[in-house]
Amino acid sequence: MRPETAPVIRLEDYEPAPYRIDRVDLDIQLNPKSVTVMARLAISRNEDTPAGTPLVLDGDELELTGLALDAMPLPDSAYSASHDKLTLNTPPADPFVLEIQTKIDPDANTELMGLYRSNGTYCTQCEAEGFRRITYFLDRPDILSVYTTRIEARKGDAPVLLGNGNPVDGGDVPGTDRHFAVWHDPHPKPSYLFAMVAGDLAHVDDTFTTASGKKVELKIYVEHGRQDRCAWAMDSLKRSMKWDEEVFGCEYDLDVFNIVAVSDFNMGAMENKGLNIFNDKYVLADAETATDQDYANIEAVIAHEYFHNWTGNRITCRDWFQLCLKEGLTVFRDQEFSSDMRSRAVKRISDVRLLKSHQFPEDAGPLAHPVRPRKYTEINNFYTATVYEKGAEVVRMLKTLLGDEGFKKGMDLYLERHDGEATTIEAFLVCFSEATATDLGQFARWYEQAGTPQVDVKSHYDKAAGELTLDISQSILPLPGQATSESAVIPLRFGLIGPNGEEMTPATRSGARFQDDVLVLEEQSQKVTFTGLHSRPVLSLLRGFSAPVRLEAHQSAEDLLFLARQDNDPFNRWQALQTLATHDLMRLTRAARQNEELAPNPDLVAAFGEVLLNEALDPAFRALTLQLPGEADLARDIGHDVDPDAIAAARCALRKAIGAAHCNAFKIALAAKPGGPFSPDAQSAGKRALANQALGYYAASGTQDAAEIVAAAFEEAGNMTDRIATLSLLVHEGLAGGEQALEAFRRRHEATALAMDKWFMVQATAPLSDGLERVKALTAHPLFDFANPNRVRSLVHAFATGNPTQFARKDGAGFEFVADNALAIDQRNPQVASRLLTCFRSWRALEKSRSNLAEAALQRIASAEKLSRDSRDIVDRCLQ
């Protein structure tokens, strides 16, 4: 485990490395318990580096066993070495080859960074700073090298040997039981993109012919017996490759593309050049073990990692502060891909729900940081929703402001100009500025400022003059390290809707810059006027969620109901009902805290019924619109003095009222599920989602036969989507048959790890009075394993983030449970522990007694004798 203290790294301190490494030749000798790595580095001094400048290479828990310069062993006086650093005191002035031999034990590598083993398979994870755990190196993203990797192992242990790039040699080692493979990647890349895999793996294969006619071999490697669950991943890969050619003009550049799925992985997946390594949950799927959401996630993540081949690999980051340059841009690209593969409206709503539930709270608390951070202590803690999801929203705004044609010109110039480079956000924006003759200086503030802008809009309609006036302001609340902020460029897509639902066109519009249906807000406050409106329009603002802001439009309940029924923009139609529900749930939450009667708004209840019965709407859209704002969403909007029990009571009351009012309609909707064999297509998934929403409301209604109907639906479920939905209802609603269903699910799926992750998660998120005790007991279950990140996320992390009434229990026991487990996990896997600790980011928003208990838990963690740098960083920032 790396030490808990580390210097603060600052963007303004960036300097180019004094040396470059043009070529890396690796010879990796694999043996159980001991791996020998021989690295031959072709090193050159940069022109502005004085001769004799020491060469300092990064390491992490390495054992140096050999060192030579230009094939001559180095005397001890020529260098100094420790487990985390190798210094060559006086390197030659001319180019030289440094040979470094290290020994590592992948079985002992519980951090899952560098080279480790997963179920007997050797694999690597080098982003962000894992390559230094394999050999000493200038382990930074602006060192671009051409890699050739020779891998050798016993054939019985590892019949499959994979590396980056193309295979160029291989065979048996004469007189031994060993064999080898040599891989060469002709494209210079940073060390974080290095990868190798060796093990006894099965595979499925296919081919793809690029636009220029080159045939690419595609293979997905998995553990034996799992090949039949790879078809969807392969199909998603081929569609991704075709889409990237058609939409961005990006063609694949190697002869092979390999994916390996492993069970033990800290992240979702890794875009290593030509050798993507995946958490197996984002590869394996069939109707028996994967939900519709799993299928959608696999499609998106396969696409995301493939798209990195250009936006991340061919063009990479100069330094880790530029992380959003590859991640935000590539998330935008995978969102566009999924939108084209599925319903664009449903995808947009889903993405915004994720942004609001994960990134908005991050942007409002102690872990807030700009899309491009200016400092960090531990870079692993900045793989955040701000970098990924908000970063994607910034790219989306750029496209909105420049238009489709202007955005394409900018992207084409970026891909052409910076191919083969490690570059910056500034260079990215310059391409768009030059391609469209647009000044993006103010727009760049989206990369520089933390916080979610609050946009406040007050409207006034003058009937006599036929004028609508909008007073618009923007602001960002003070944050740690950012007391003030400057006005941002905010594109507000809008519509003016007439009394019959028609789009109204004003005679004139003034007070802001307009681009078609986009109002561009550029100042702290602006007065915008529309004329020639002979009846009062209803304002539809922030259509398609055109900017990642919090909008307060001060609209009446009547106007919101009108938008929910009439708006032509699907996102705003959804948002209007969500806003109405949020207002009523906040009222009900206040009533619950005062022990008053919980009486939901009947107009709101009726509006939900209208959505259910409107068969003109896409089933997937109806299913999403029927979802109430989550408990975390409400806590975020309440903002302070949050009582999770009162929020839960309010949601329960509204859900029950909607279910009871439309009980018969919900029962009829249960038959909406598609018949025939399971298909993961968007239309079928939407029908299943609507039917399961209907079942949920029917169960919440309190109807006498609810438990019987849900239990029967569980028994009849022919796919994992329906099975896990009904199991969740039985357990979360405390219905009769819940325990029997859990046991039946376990017996059916106990040999399938990903299915059992769902079993653990259902119980972890159950809002029951004994929920914490159940979760504690599950940590001792024979199938629970603290060493497996997926299993930890399915139980402990799911409890902390998805069960607010139990995590924030009045007695503080939930906080203490998470603290205990975070401390224990931190000793073996700091990344998993630090991500678990982010669940404390909103502790100050809780009501006083709970916030005091949460703070005590954080202080206990902070005072731990041994705490990793990763966890120390999160805890210290939470306590700021």
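To keep things clear, this report deals only with the structure shown in the data block. (Residues numbered from 1 in each chain as written. Predicted model: local features only at pLDDT ≥ 70, side-chain atom pairs only at ≥ 80, totals over all residues. Heavy atoms only, no water.)

**Description of the sheet that holds strand β12 (residues 145-154)**
Part 1 of the reasoning: Sheet architecture is open: eight strands sit in the order β6-β5-β9-β3-β2-β12-β15-β14, paired in mixed fashion. The sheet is open, and its two borders are formed by β6 (72-73) and β14 (166-172), each paired with just one other strand.
Part 2 of the reasoning: With seven bridges connecting them, strand β2 (residues 19-31) and β12 associate as parallel partners. Pairing of I28 across the sheet is with I151, part of β12. (Pairing = 2+ DSSP bridges. Helix = DSSP H or I, 4+ residues; strand = E, 2+ residues; numbered from the N terminus.)

**Observations concerning the packing of aromatic side chains**
Part 1 of the reasoning: Under the counting rule described, the total for this entry stands at 35 aromatic pairs.
Part 2 of the reasoning: Arranged with centres 5.3 Å apart and planes meeting at 65°, the rings of F131 and F194 form a pair that is edge-to-face. With F131 in the loop between β11 (121-125) and β12 and F194 in the loop between β15 (178-189) and β16 (196-199), this residue pair connects regions lying 63 residues apart in the sequence. Assigned by exposure class, F131 and F194 land together as buried.
Part 3 of the reasoning: Plain terms: the ring middles of F666 and Y697 are 4.9 Å apart, the flat faces sit at 10° to each other, and that makes the pair stacked. Pair noted here: F666 is in helix α14 (residues 663-669) and Y697 is in helix α15 (residues 682-700), with a separation of 31 residues, a long-range link.
Part 4 of the reasoning: An aromatic cluster of at least three residues, connected via ring pairs, comprises W243, F248, Y252, F257, Y306, F307 and F337. (Phe/Tyr/Trp six-rings, centres within 6.5 Å; stacked < 30°, edge-to-face > 60°. Buried < 20%, exposed > 50% of the residue type's maximum accessible area, 1.4 Å probe, protein only.)

**Focus on the environment of K776**
Part 1 of the reasoning: Within the element layout of this structure, K776 appears in helix α20 (residues 771-778).
Part 2 of the reasoning: In this structure K776 comes out as partly exposed when scored by relative accessible area, which is 41%.
Part 3 of the reasoning: Counting along the chain gives 41 residues from K776 to F817, while the straight-line C-alpha distance between them is 8.0 Å.

**Brief notes about the sheet that holds strand β32 (residues 538-541)**
Part 1 of the reasoning: Spatial strand order, β29-β30-β27-β32: four strands in an open sheet with antiparallel pairing. Of all the strands in the sheet, just β29 (513-515) and β32 have a single pairing partner and so form its edges. Sheet twist, expressed as the mean angle between neighbouring strand axes with direction ignored, is 35°.
Part 2 of the reasoning: Note: strand β27 (residues 490-497) against strand β30 (residues 518-521), four bridges, orientation antiparallel. From the neighbouring strand, I490 faces β30, where its bridge partner is L521.
Part 3 of the reasoning: Its contacts with the sheet place helix α8 (residues 557-566) against β27 and β32, and it is angled at close to 65° to β32. (Axes fitted to C-alpha atoms, helices over the stretch in contact; angles between N-to-C directions. Contact = heavy atoms within 4.5 Å.)

**Section: the nonpolar core**
When a protein is soluble and globular, its nonpolar side chains tend to lie buried together.
Part 1 of the reasoning: Counting residues in each nonpolar core, the largest one holds 178 residues, and the members touching the most others are L30, L98, F428, F443, Y447 and F530.
Part 2 of the reasoning: Element by element, the count of residues in this core is highest for helix α5 (residues 385-417), at 14 residues.
Part 3 of the reasoning: Setting aside residues up to four positions removed in sequence, L98 forms contacts with A39, R40, L41, I43, L55, L57, L67, A68, L74 and L88. (Core = buried A, V, L, I, M, F, W, Y, C linked by side-chain atoms within 4.5 Å.)

**A look at unusual backbone geometry**
Part 1 of the reasoning: For the peptide bond that leads from E127 to A128, omega is 5°, which places it in the cis range.
Part 2 of the reasoning: By the secondary structure assignment, A128 is in the loop between β11 and β12.
Part 3 of the reasoning: In this model, A437 sits at a positive phi of 55°, which is unusual for a non-glycine residue.
Part 4 of the reasoning: Judged by its relative accessible area of 72%, A437 falls in the exposed class.
Part 5 of the reasoning: You will see that D641, though not glycine, has its phi angle at about 55°, which is positive.
Part 6 of the reasoning: Structurally, the position occupied by D641 is in the loop between α12 (631-638) and α13 (644-661).
Part 7 of the reasoning: With a relative accessible area of 39%, D641 lands in the partly exposed category.

**Looking at the pairing of strand β17 (residues 202-209)**
Part 1 of the reasoning: Inspection of the sheet shows β17 paired to strand β18 (residues 215-222) by eight bridges, in the antiparallel sense. Paired with D206 across the bridge in β18 is L218.
Part 2 of the reasoning: Hairpin connection between β17 and β18: a loop of five residues separates the two successive antiparallel strands, and G213 in this loop has a positive phi of roughly 95°.

**What to know about the pattern of salt bridges**
Part 1 of the reasoning: Across all of its chains, the model carries 83 salt bridges by this definition.
Part 2 of the reasoning: Between E739 and R774 there is a salt bridge, with the nearest N and O atoms lying 2.9 Å from each other. Highlighted residues: E739 in helix α18 (residues 738-749) and R774 in helix α20, separated in sequence by 35 residues.
Part 3 of the reasoning: Across the salt bridge formed by D770 and R774, the nearest N and O atoms sit 3.3 Å from each other.
Part 4 of the reasoning: By relative accessible area, D770 is classed as partly exposed at 33%.
Part 5 of the reasoning: Looking at R774, the relative accessible area reads 23%, which means it is partly exposed.
Part 6 of the reasoning: One salt-bridge network, in which partners are shared between bridges, spans E336, D340, R344, R396, K399 and D404. (Salt bridge = Lys/Arg side-chain N within 4 Å of Asp/Glu carboxyl O.)

**Overview of the side chain of D292**
Part 1 of the reasoning: Summarising the element assignment, D292 is placed in helix α2 (residues 292-307).
Part 2 of the reasoning: At 2.7 Å, the side chain of D292 forms a polar contact with the side chain of R688. (Polar contact = N/O pair within 3.5 Å; in protein donor to acceptor, adjacent residues only side chain to side chain.)

**What about helix α16 (residues 706-716)?**
Part 1 of the reasoning: Residues A706, I709, V710, A713 and F714 constitute the buried set of α16. The buried residues of α16 occupy an angular sector of 140° when projected down its axis, which confines them to one face. The exposed residues of α16 that point more than 90 degrees off its buried face are E708, E715 and E716.
Part 2 of the reasoning: Summarising the contacts, the buried residues of α16 are in contact with α14, α15, α17 (720-732) and α18. (Arc of directions from axis to C-beta.)

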